[in-house]
Amino acid sequence: MATECSWLIGFEFRTASGRIVHHFYLVSGTPDPELARTMALERADAPGERAARGGLCVDGDRADTRRLVCDPLGVRRLSAPSGF
């Protein structure tokens, strides 16, 4: 049975000075990590997001994908990283 999940998706980009920076996006409502990555990439490519990065593009081929897990007591945590 598929259930809805929340995902934290991180993309990296390199600034004009060469520094690597990560931007993270929270995606809810999908059980599929690949769909969550695609949705996050669409958000990262939005004009406002690109402007916040000085027009720089994120590396869409590499994504740090983590599932937001909630235990029976309601404590939330992130799954182990995948991607990067």
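Just above, that's the structure.
Please read these numbers as outputs of a predicted model, since none were measured by experiment. (Residues numbered from 1 in each chain as written. Predicted model: local features only at pLDDT ≥ 70, side-chain atom pairs only at ≥ 80, totals over all residues. Heavy atoms only, no water.)

A. Quick peek at the environment of aspartate 71. Within the secondary structure, aspartate 71 sits in the loop between strand S3 (63–70) and strand S4 (76–78). The exposure class of aspartate 71 is partly exposed, given its relative accessible area of 31%. (Helix = DSSP H or I, 4+ residues; strand = E, 2+ residues; numbered from the N terminus. Buried < 20%, exposed > 50% of the residue type's maximum accessible area, 1.4 Å probe, protein only.)

B. Just the packing of aromatic side chains, in detail. All told, the structure shown has one aromatic pair when counted by the stated rule. Ring centres of phenylalanine 11 and tyrosine 25 lie 6.2 Å apart, and the angle between their planes is 50 degrees; on these two criteria the pair is classed as tilted. Here the residue phenylalanine 11 occupies a position in strand S1 (residues 6–14), and tyrosine 25 occupies one in strand S2 (residues 20–28), the gap between them amounting to 14 residues. Grouping residues by exposure puts phenylalanine 11 and tyrosine 25 together as buried. (Phe/Tyr/Trp six-rings, centres within 6.5 Å; stacked < 30°, edge-to-face > 60°.)

C. Focus on the side chain of threonine 30. Relative to the assigned elements, threonine 30 resides in the loop between S2 and helix H1 (33–44). At 3.2 Å, the side chain of threonine 30 and the backbone nitrogen of aspartate 32 are in polar contact. (Polar contact = N/O pair within 3.5 Å; in protein donor to acceptor, adjacent residues only side chain to side chain.)

D. Quick look at the pattern of salt bridges. Tallying each qualifying case throughout the model produces three salt bridges. Between glutamate 34 and arginine 37 there is a salt bridge, and its shortest N-O distance comes to 3.5 Å. In this pair, glutamate 34 and arginine 37 are both assigned in helix H1, three residues apart and thus about one turn of the helix distant. Here arginine 66 ties to aspartate 64 by a salt bridge, and the two come within 3.4 Å at their closest N and O atoms. By relative accessible area, which is 7% here, aspartate 64 ends up buried. (Salt bridge = Lys/Arg side-chain N within 4 Å of Asp/Glu carboxyl O.)

E. Representation of the sheet that holds S3 within the structure. Ordered in space as S2-S1-S3-S4, the four strands form an open sheet in which the pairing is antiparallel. With partners counted over all chains shown, the strands left at the sheet margins are S2 and S4, one partner each. On average, adjacent strands in this sheet sit at an angle of 25 degrees to one another, irrespective of strand direction. When S1 meets S2, the two strands line up antiparallel, connected through nine bridges. Across the sheet, the residue bridging to leucine 8 is leucine 26, located in S2. Sheet strands in contact with H1 are S1, S2 and S3, and its direction is about 50 degrees off that of S1. (Pairing = 2+ DSSP bridges. Axes fitted to C-alpha atoms, helices over the stretch in contact; angles between N-to-C directions. Contact = heavy atoms within 4.5 Å.)

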